[in-house]
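# Coordinate analysis (summary)
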Amino acid sequence: MLPLLDEIRDDLQLVERELNKVLESSEPLLTETSSHLFKAGGKRLRPAFALLCGKFYNYDPERIVPLAVALELIHMATLVHDDVVDAAETRRGTPTVKALWGDKISTHTGDFLFVRALILISRYENPMIAQELARACVMMCEGEFIQMDSLNTANLRNYLRRIRRKTAVLIEASCKLGAVATGSPRGIYHPLGRYGHFLGMAFQVTDDILDMVADEKRLGKPVGGDLRQGIITLPVIFALRESPARKRLAEIVRHARKTPAAITEAIEITRSCGGVEYAFGVAHSYLRKAKEQLNKLPAVPARETLERIADFVKVRSY
């Protein structure tokens with residue numbers, strides 16, 4: 001758990017306990033596969049956002065914890081499915097469900113996690129919660145198709161559409177619905193949703209940067225993974241426009257199969273022309289916009305925590 005989440009430590013531990021419960025199935029193998037990613041840990045940022053954003057109005061853990069658990073289940077389901085699509089062998093430094101049990105079991109495990117989330121969401125009377133999560137899930141599916149359709153090609157518009165759908169939309173929903181679950185008015189949940197959108201965009205841009213510059217042990221996966229899969233991210237898009245070696249970089253990008261040496265060369269070209277610094281600048285711009293949304297909200301302790309989370313995204317190394 002991140003130290004800056006001390007304000008909601010007890011409630012996050014409650015989320016952990018509830019997650020452990022809902023991952024149980026009458027089928028032992030399904031319990032084992034569903035619990036595998038959970039046991040590998042994680043930042044639990046989406047549940048944390050829901051809990052923190054509930055602090056701006058009539059905070060009640062009983063109202064928010066089911067939503068927080070559902071959000072993490074949806075996130076976990078997308079990770080399990082992504083690992084099948086990407087043929088990923090490790091995540092968070094441990095073997096993936098796909099690596100241990102194969103594609104079929106992984107796919108059904110992801111489906112199980114998603115349906116468990118639906119059961120929790122069905123408890124809420126406010127239709128906005130189900131509607132917003134449904135919209136977010138549809139957009140996440142669209143993000144996957146955008147990614148598949150743009151492999152080994154560089155397009156800034158598609159990149160921004162993709163990261164909004166694959167990452168930002170669920171963080172936005174987490175922030176917005178955490179407030180909605182407490183019965184907060186639009187003047188509270190709307191800025192929180194916008195905060196989540198901008199922070200989610202920045203989070204994915206920094207994730208794409210870390211794929212090029214991070215320590216592999218801290219990152220929990222090999223660097224250069226995006227390029228290896230044909231996913232062209234913001235630093236590379238900049239380098240393809242500005243680098244003196246952009247023709248060579250374009251040649252590497254176009255190849256469906258990239259050798260380790262080619263990936264290393266592409267990363268060096270990208271870093272040497274300022275692609276990483278450019279992407280950091282874009283991330284910082286999103287984070288500034290996220291903080292501007294917080295200025296519209298009451299000065300409760302949770303607002304300071306959300307500001308600190310934005311600062312963490314700005315400097316994170318994992």
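Preceding this paragraph is the structure being described.
Evaluation of the coordinates by the stated rule reveals 15 salt bridges. Two residues, Glu 72 and Arg 44, come together in a salt bridge whose shortest N-O distance is 3.0 Å. With Glu 72 in helix H4 (residues 61–86) and Arg 44 in the loop between helix H2 (28–39) and helix H3 (45–54), this pair connects stretches of sequence that are 28 residues apart. You can call Glu 72 buried: its relative accessible area is 1%. Among the residues examined, Arg 44 registers a relative accessible area of 8% and is labelled buried. With a shortest N-O distance of 3.4 Å, Glu 142 and Arg 165 are connected by a salt bridge. Linking Glu 142 in helix H7 (residues 127–149) with Arg 165 in helix H8 (residues 156–180), this pair joins segments that are 23 residues apart in sequence. Using a relative accessible area of 15% as the deciding quantity, one classes Arg 165 as buried. Several salt bridges converge on common partners, so that one network encompasses Glu 132, Arg 135, Glu 172 and Lys 176.

With the rule as written, the count across this model stands at 3 aromatic pairs. Ring geometry for Phe 238 and Tyr 278: centres 4.5 Å apart, planes at 20 degrees, overall stacked. Of this pair, Phe 238 sits in helix H12 (residues 234–242) while Tyr 278 sits in helix H15 (residues 275–294), and the two are 40 residues apart along the sequence. Classification of Phe 238 by relative accessible area gives buried; the value is 13%. Exposure remark for Tyr 278: the relative accessible area of 29% places this residue in the partly exposed category. Above the face of the Tyr 278 ring, Arg 241 is positioned so that its terminal group lies 5.8 Å from the ring centre.

Turning our attention to H15. When the terminal C-alpha atoms of H15 are compared, their 29 Å separation across 20 residues agrees well with the 28 Å that a helix rising 1.5 Å per residue should span. Here H15 has its buried residues at Gly 275, Val 276, Ala 279, Ala 283, Tyr 286, Leu 287, Ala 290, Gln 293 and Leu 294. Seen along its axis, H15 keeps its buried residues to an arc of 105 degrees; they face one direction. Check the buried side of H15 and you find it contacts H8, helix H9 (186–213), H12, helix H14 (260–272) and helix H16 (301–315).

In this section: the side chain of Ser 35. Relative to the helices and strands, Ser 35 resides in helix H2. Within the structure, the side chain of Ser 35 is placed 2.7 Å from the backbone oxygen of Thr 31, a separation counted as a polar contact.

With that out of the way, let us pick up the side chain of His 75. Tracing the backbone through its elements, the reader meets His 75 in helix H4. Here His 75 falls in the buried class, since its relative accessible area comes to 12%. Beyond its immediate stretch of four places on either side in the chain, His 75 contacts Arg 46, Arg 92 and Leu 170.

Attention now moves to the packing of helix H1 (residues 9–22) against H3. The geometry of H1 relative to H3 is characterised by a closest axis approach of 10 Å and an angle of 130 degrees between their N-to-C directions. Taken together, the axis directions place H1 and H3 in an arrangement best described as oblique. Of the two possible hands of crossing, H1 and H3 adopt the one that is right-handed. Along its contact with H1, which presents Asp 11, Leu 12 and Val 15, the element H3 presents Pro 47, Ala 48 and Leu 51. A per-class count over the contact of H1 with H3 returns 5 nonpolar, no polar and 1 charged.

Reading guide: rules and limits
Residues numbered from 1 in each chain as written. Predicted model: local features only at pLDDT ≥ 70, side-chain atom pairs only at ≥ 80, totals over all residues. Heavy atoms only, no water. Salt bridge = Lys/Arg side-chain N within 4 Å of Asp/Glu carboxyl O. Helix = DSSP H or I, 4+ residues; strand = E, 2+ residues; numbered from the N terminus. Buried < 20%, exposed > 50% of the residue type's maximum accessible area, 1.4 Å probe, protein only. Phe/Tyr/Trp six-rings, centres within 6.5 Å; stacked < 30°, edge-to-face > 60°. Lys NZ or Arg CZ within 6 Å of the ring centre and 35° of its normal. Expected span 1.5 Å × (residues − 1). Arc of directions from axis to C-beta. Contact = heavy atoms within 4.5 Å. Polar contact = N/O pair within 3.5 Å; in protein donor to acceptor, adjacent residues only side chain to side chain. Axes fitted to C-alpha atoms, helices over the stretch in contact; angles between N-to-C directions. Parallel < 35°, antiparallel > 145°, perpendicular 65-115°, else oblique. Left-handed = near helix turned anticlockwise from the far one by under 90°. Nonpolar A, V, L, I, M, F, W, Y, C, P; charged D, E, K, R; others polar.

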